[in-house]
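# Structure at a glance
The residues making up each chain are set out below.
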Amino acid sequence: MTPAIREPGRYAVIDGVEVPVSAAAQDYVLVEGDHGRVRHEMDDLDDLLSVSVHARWKDADIAIGGVQGEAARFYTWDRDLAESEGLAGDVRDGWGGLAPVSELTDVTERVSSIHPRRRER
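Residues numbered from 1 in each chain as written. Predicted model: local features only at pLDDT ≥ 70, side-chain atom pairs only at ≥ 80, totals over all residues. Heavy atoms only, no water.

### Points about the overall build of the protein
Within the protein, the regular secondary structure consists of 2 helices and 10 strands. Secondary structure elements of the protein occur, N-terminal to C-terminal, as β-β-β-β-β-β-β-α-β-β-β-α. Principal-axis analysis of the C-alpha atoms gives the protein an extent of 50 × 30 × 25 Å. A buried classification covers 31% of the 121 residues belonging to the protein. Nonlocal contacts in the protein, meaning residues at least 24 apart in sequence, comprise 54% of its contacts between residues at least 6 apart. (Helix = DSSP H or I, 4+ residues; strand = E, 2+ residues; numbered from the N terminus. Buried < 20%, exposed > 50% of the residue type's maximum accessible area, 1.4 Å probe, protein only. Contact = heavy atoms within 4.5 Å.)

Take a look at the structure:
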């Protein structure tokens, strides 16, 4: 069974619904609406979330950067995986590539509140 993977990134919580953020500034976010981008003031959001996704592929830890169809963009600092798969990158910045979503295991999602007003409390 192919694991469901949410796109990593920022999500605005608006009226209890998590919506992907297109762009953000200090006091507002932009989300996609029916007629283009819609501005929402930071103070009007229920919350602002950061979502990161990690998994294992071929016995190595990877961080998911996004999903394109049946493939996950990822990066890793696992040199053995990089060498065996011929990944682009280096020791300093890590390596990146594409992995079939169906081959990922132990997919975990980390959600953190990054709303500036929530952190001030």
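### A look at the side chain of Asp47
Position of Asp47 among the secondary structure elements: in strand S5 (residues 47-57). Looking at Asp47, its side chain comes within polar contact range of the side chain of Ser113, at 2.7 Å. (Polar contact = N/O pair within 3.5 Å; in protein donor to acceptor, adjacent residues only side chain to side chain.)

### Considerations on the packing of aromatic side chains
Taken as a whole, this structure holds 2 aromatic pairs when the rule is applied. Arranged with centres 5.3 Å apart and planes meeting at 90°, the rings of Tyr75 and Trp77 form a pair that is edge-to-face. In this structure, Arg6 is placed above the aromatic ring of Tyr11, and the distance from its NZ or CZ to the ring centre is 4.8 Å. For the cation-ring pair, Arg39 lies above Tyr28, with the distance from its terminal atom to the ring centre recorded as 3.7 Å. (Phe/Tyr/Trp six-rings, centres within 6.5 Å; stacked < 30°, edge-to-face > 60°. Lys NZ or Arg CZ within 6 Å of the ring centre and 35° of its normal.)

### What to know about the side chain of His115
If you trace the backbone, His115 turns up in the loop between strand S10 (105-113) and helix H2 (116-119). Polar side-chain contacts of His115 include one of 2.8 Å to the backbone oxygen of Met42.

### Topic: the nonpolar core
By size, the foremost hydrophobic cluster in this structure holds 20 residues, and its most contacted members are Trp57, Ile62, Ile64, Phe74, Leu81 and Leu104. Elements with a contribution of two residues or more to this core: strand S1 (9-14), S5, strand S6 (60-68), strand S7 (71-76), helix H1 (79-85) and strand S9 (94-100). Among the elements that make up this core, the one with the highest residue count is S5 (5 residues). Core analysis: the next-biggest nonpolar cluster, separate from the first, contains 8 residues, Ala12, Val21, Val29 and Val31 among them. (Core = buried A, V, L, I, M, F, W, Y, C linked by side-chain atoms within 4.5 Å.)

### Some remarks on unusual backbone geometry
Residues other than glycine seldom take positive phi values, yet Asp59 does so here, at roughly 65°. Mapped onto the elements of the fold, Asp59 is located in the loop between S5 and S6. Assessed through its relative accessible area of 70%, Asp59 is described here as exposed. In the Ramachandran plot, Asp106 falls in the positive-phi region, its phi being about 50° despite a non-glycine side chain. Mapped onto the elements, Asp106 comes out in strand S10. Here Asp106 falls in the exposed class, since its relative accessible area comes to 56%.

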